[in-house]
Amino acid sequence: MKVVALISGGKDSCYSMMQCVVEGHEIVALANLRPEGKDELDSYMYQTVGHHAVEFYADAMGLPLYRRLIKGSSVAVAKDYEPHKGDEVEDLYELLKYVKEKVEFDGVASGAILSDYQRVRVENVCARLAVTSFSFLWRRDQSNLLAEMIESGVEAIVIKVAAMGLDPRKHLGKRIDEIYPYMIKMQDKYGLNVCGEGGEYETFTIDCPLFEKRIIIDHTELVIHSDDAFAPVGYLNLKEAHLEEKPGVSDFSQKERLKGVPVLRSLDTISQIVETVSSEITSSSTCCAPEEESLWSLRPIDPGLKPDIIEHKLGVKMKDVTFIHLNVMSMAEFAEVNSVYKTYFTTNPPARACVQVPLPEPLLLQLDCVGSSAQHDRHTMHVQGISHWAPANIGPYSQAVRVGQWIRVAGQIGLVPGTMELIGAGIACECALSLRHVERVLAAMHPGATLRNVMSCVCYVTDEHYVPVARQHWRQGTRDVEHNYGESESFSVSVVLYVVVPSLPRGATVEWEVTAVTDVCLYTSTEFTASYGRCVVRSRFLSGDAGSRFVKFSVESGPDARKDIANLSHVVEQLKPTPHHSWGHMMVFYLSHKFTYSEVKKAISSALSTHLPDGRGTLSVVPCHALETSGQTFSILVQQPVTA
């Protein structure tokens, strides 16, 4: 893609350009916002200190530089952003809108590392201009990232400090390679962000491998903003500078300039996963949370149904939806389905898992939704920028939604984040990469969260021979987490189902859908086995101190499985609500070649009416090709939330 780079003069925006180039994109222009009549501006969005020397970037890079005065201020400061007159974000929109009239581009690069505030607003502007946001530094480990910048030839000096442990008279003007060891010490001592992401310090880049000319700072002015005894604030005014030729650099393309430079690439992600899988081989719908006030299912989507009609019929609000299972008859129809689906949601859409299942005619798709009216306690992660962190969700669904202590993660497949293409190295590599995505999303939603926090998981695969591979990777992932926590720590053994379906998005071979909790309590696992004629029901109850209960039933039928469908009543009978539970939500996966959709739904519904006439909950019946074992005919997942 042709990319416009948002630059502040700092190391992060500079390194973001390098990341774009090594991924095959071309920087075609630079864009910068600056204050009027002052050295710097108190802004939530932009680094403005050092703006006097940003003009040198145009000649240093050999690219056009477009600049605009910051006229707005931080007006709309909520976690989400909608266009707001007078906000400084609108200055960015107007700047890029103007650039688009002058230069053809389809992507914007920014240097955001950890700020959701900045990321959300840059993505909002990009969406309005119909361009892609590139944020390759997003959620990188800051110690590793700064070391990588230094090793890759980014030469930047510190031009502002504003944190305990940093002294303007001592640290201003130092290069980042000089201050790196000290920042590591300050991270351990005071918890400072090594890259300065918390505003601890700002930098100005004077050289990097992309520059055709090096910026030489001739004269600076030290300004002490606050001489606080514990955290003094000061900055350098870059008063005079000039450019110095770097012979021969201009003869090379941007990509050629970075040849051999140790910048993180998507190929490195692939190599890491392949090496991990090789090492392991040689060495060895929906859930309802206690806080949720409503749980409901939606019938197959109809293009003629408008959100307000659905809300009226169901007595709920579309904005309250937190997770959706989207089961389609054919992935070939997915684009058309998605075009209708996206009209139902705008900002912060629900998380989603999408699979192809053998639905009975005339059903083309099936929607299963969970919702919560506790909007005050809802947190959504909808990262739309391309990064090395996890797959971007440019479409109408979020990576995860948290309501209270419950986290629902969108179905994760083995996409390489930097390219948004499948890793393409087999089922084992897809398992490893997609599980890494799950862990990274969980950690982003709640610091420290891992697979240890997962209470229930549905693993979809496209071939029954992939089940053992997926199971091995899940067990390996949870063993690694358990080992990291130590044997003395309690470890929650998740309820996991393996379901074989015809197809998954992007031609993936595996997709993980998990529900996790933020507070890990002591969980006890109880297992039962019961026989009803030739039908065997294996039950596993996972109960926690918080009161929720996750239940998995595996039903193995005899030679004439159709006669044993009546035994599903015994499954439901085990779910009689206790004083602390409703029967919650039930997902019934069944073999489509043995049973019909209508008879399974009828049998389960009848059993629910008989044994749980007053119970609260919903039912989702999902056909599939195969289950975890060859003799299994039903796999049932139930979450029973606390009701008292």
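If you're wondering where the values come from, they're calculated on a predicted model, not measured in any experiment. (Residues numbered from 1 in each chain as written. Predicted model: local features only at pLDDT ≥ 70, side-chain atom pairs only at ≥ 80, totals over all residues. Heavy atoms only, no water.)

Student: What is the right way to read the packing of aromatic side chains from this model?
Tutor: Given two aromatic rings, one states the distance between the centres and the angle between the planes to describe the pair. As enumerated under the stated definition, the model contains 12 aromatic pairs in all. Plain terms: the ring middles of Y57 and F211 are 5.3 Å apart, the flat faces sit at 80° to each other, and that makes the pair edge-to-face. Of this pair, Y57 sits in helix 2 (residues 56–61) while F211 sits in the loop between strand 7 (201–207) and strand 8 (213–226), and the two are 154 residues apart along the sequence. Accessibility expressed as a relative area gives 0% for Y57, which makes it buried. Here the aromatic rings of Y460 and F589 are separated by 6.3 Å at their centres, their planes lie at 70°, and the arrangement is edge-to-face. Placement of the pair is Y460 in strand 18 (residues 454–461) and F589 in strand 24 (residues 584–591), with a sequence separation of 129 residues. Of the two residues, Y460 and F589, both sit in the buried class. Through a chain of ring-to-ring contacts, three or more aromatic side chains come together here, namely Y57, F204 and F211. Here the guanidinium or amino end of R352 rests over the ring plane of Y341, the centre of that ring lying 4.6 Å away. (Phe/Tyr/Trp six-rings, centres within 6.5 Å; stacked < 30°, edge-to-face > 60°. Helix = DSSP H or I, 4+ residues; strand = E, 2+ residues; numbered from the N terminus. Buried < 20%, exposed > 50% of the residue type's maximum accessible area, 1.4 Å probe, protein only. Lys NZ or Arg CZ within 6 Å of the ring centre and 35° of its normal.)

Student: Explain helix 15 (residues 597–611) here, please?
Tutor: What sets the pattern is the α-helix's 3.6 residues per turn: residues three or four places apart point alike. Relative to the 21 Å expected for 15 residues at 1.5 Å per residue, helix 15 spans 21 Å between its end C-alpha atoms, a close match to the ideal helical length. Restricting attention to buried positions, one finds in helix 15 the residues Y597, V600, I604, A607, L608 and H611. Along the axis of helix 15, the buried positions cluster into a sector of 120°, meaning they face one direction only. Relative to its buried face, helix 15 has exposed residues pointing more than 90 degrees away, namely S598, K602, S609 and T610. Check the buried side of helix 15 and you find it contacts strand 12 (365–371), helix 14 (568–573), strand 24, strand 25 (617–624) and strand 27 (632–640). (Expected span 1.5 Å × (residues − 1). Arc of directions from axis to C-beta. Contact = heavy atoms within 4.5 Å.)

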